[in-house]
Amino acid sequence: MSKNTVWFEVDEHETISECLDRMKAEGYAVVGRKEQPLFKEVDGQPVPIRQIVQFKGDKLKE
């Protein structure tokens, strides 16, 4: 039994477009998006490294 809803994360060396293509190839359509910052501590202060982007995908009807 497959899942109907899955979260896809844009990999560090992947573009958003490539992630969306990967979702489509696996049979999912985008229904949501969320972003959150990734921080690293430098000299006791949080420093942003990159943005984590995730897309919520629903299984396409066959």
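> Would you mind showing me how to read the nonpolar core here?
Burial of nonpolar side chains together is a common tendency in soluble globular proteins. Judged by nonpolar contacts, Phe 8, Val 10, Cys 19, Met 23, Tyr 28, Val 53 and Phe 55 together constitute the single largest core of seven residues. Going through the elements one at a time, α1 (16-25) and β3 (45-59) are the ones with two or more residues in this core.

> Even after reading the chapter, I still don't get the side chain of Gln 54, so can you show me in this structure?
Note on placement: Gln 54 falls in strand β3. The buried category is assigned to Gln 54, whose relative accessible area is 17%. Reaching out from Gln 54, the side chain makes a polar contact with the side chain of Glu 9 at a distance of 3.4 Å. Beyond its immediate stretch of four places on either side in the chain, Gln 54 contacts Trp 7, Phe 8, Glu 9, Gly 32, Arg 33 and Lys 34.

> I would appreciate a short explanation of the pairing of β3 in the present structure.
As a general feature of sheets, a regular strand has side chains that alternate between the two faces. As judged from the five bridges shared by strand β1 (residues 5-9) and β3, these two strands associate in the antiparallel manner. Following the sheet pairing, Trp 7 is matched in β3 by Lys 56. When strand β2 (residues 28-42) meets β3, the two strands line up antiparallel, connected through 14 bridges. Note that in β3 the partner of Val 30 across the bridge is Gly 57. Taking the residues between adjacent antiparallel strands as the criterion, β2 and β3 are bridged by two residues, where Asp 43 takes a positive phi near 55 degrees.

> Would you mind going over the sheet that holds β2 with me for this structure?
Hydrogen bonds between backbone atoms are what pair the strands of a sheet, whose relative direction is either parallel or antiparallel. Taken in spatial order, the three strands line up as β1-β3-β2 in an open sheet, and their pairing is antiparallel. Only two strands of the sheet have a single partner each, and these edge strands are β1 and β2. Across this sheet, the average inter-strand angle for adjacent strands is 25 degrees, counted without regard to direction.

Here is what the cut-offs are and how they apply
- Residues numbered from 1 in each chain as written.
- Predicted model: local features only at pLDDT ≥ 70, side-chain atom pairs only at ≥ 80, totals over all residues.
- Heavy atoms only, no water.
- Core = buried A, V, L, I, M, F, W, Y, C linked by side-chain atoms within 4.5 Å.
- Buried < 20%, exposed > 50% of the residue type's maximum accessible area, 1.4 Å probe, protein only.
- Helix = DSSP H or I, 4+ residues; strand = E, 2+ residues; numbered from the N terminus.
- Polar contact = N/O pair within 3.5 Å; in protein donor to acceptor, adjacent residues only side chain to side chain.
- Contact = heavy atoms within 4.5 Å.
- Pairing = 2+ DSSP bridges.
- Axes fitted to C-alpha atoms, helices over the stretch in contact; angles between N-to-C directions.

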